[in-house]
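Now for the letters of each chain:
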Amino acid sequence: VSTGPPQVEIPNVEGRHKDEATRILEDAGFEVRVIDFLPGGDDIVRRQDPAGGGATDEGGTITLWVS
């Protein structure tokens, strides 16, 4: 019986530039979805889901809200 995909720790990238945050998450094996909720901002990650510090399925998608 399979227990599903391995669980991996999610890096906390809040407060980082979206390019750096995306690279960190992709290097950790995640897919990244970016939502720019205030266009014209400084492209800093204001929130991520799921939150950093927890664990989720390897290869899962992390959503970043940037402004």
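Residues numbered from 1 in each chain as written. Predicted model: local features only at pLDDT ≥ 70, side-chain atom pairs only at ≥ 80, totals over all residues. Heavy atoms only, no water.

A few words now on the environment of Val66. Within the secondary structure, Val66 sits in strand E5 (residues 61-66). Residues Val66 and Thr22, 44 residues apart in the sequence, show an inter-C-alpha distance of 11 Å. Excluding residues that lie within four positions of it along the chain, Val66 makes contacts with Lys18, Val34, Ile35, Asp36, Phe37, Leu38, Asp43, Ile44, Val45 and Arg46. (Helix = DSSP H or I, 4+ residues; strand = E, 2+ residues; numbered from the N terminus. Contact = heavy atoms within 4.5 Å.)

A few words now on the pattern of salt bridges. Evaluation of the coordinates by the stated rule reveals two salt bridges. Note that Glu20 and Arg16 form a salt bridge whose closest N and O atoms lie 2.7 Å from each other. Classification of Glu20 by relative accessible area gives partly exposed; the value is 30%. The salt bridge involving Arg46 is made with Asp42; its shortest N-O contact spans 2.9 Å. (Salt bridge = Lys/Arg side-chain N within 4 Å of Asp/Glu carboxyl O. Buried < 20%, exposed > 50% of the residue type's maximum accessible area, 1.4 Å probe, protein only.)

A separate point is unusual backbone geometry. Looking along the chain, the bond that leaves Asp49 and enters Pro50 is cis, with omega of 0°. Tracing the backbone shows Pro50 in the loop between strand E3 (45-49) and strand E4 (55-57). The backbone of Asp43 shows a phi angle near 60°, a positive value even though the residue is not glycine. On the secondary structure map, Asp43 appears in the loop between strand E2 (31-36) and E3.

Overall, mixed pairing links the three strands, which are arranged E2-E5-E3 in an open sheet. Edge positions in the sheet fall to E2 and E3, since each of these pairs with one other strand and no more. The sheet shows a mean angle of 25° between the axes of neighbouring strands, taken without regard to direction. Pairing analysis gives six bridges linking E2 to E5, with the strands arranged parallel. (Pairing = 2+ DSSP bridges. Axes fitted to C-alpha atoms, helices over the stretch in contact; angles between N-to-C directions.)

Along helix H1 (residues 18-27), the residues classified as buried are Ala21, Thr22 and Leu25. Along H1, the residues classed as buried sweep out an arc of 100° about the axis, all on the same side. Opposite the buried face of H1, at more than 90 degrees from it, the exposed residues are Asp19 and Asp27. Where H1 is buried, its residues touch E2, E3 and E5. Gly29 lies just past H1 and shows a positive phi near 95°. (Arc of directions from axis to C-beta.)

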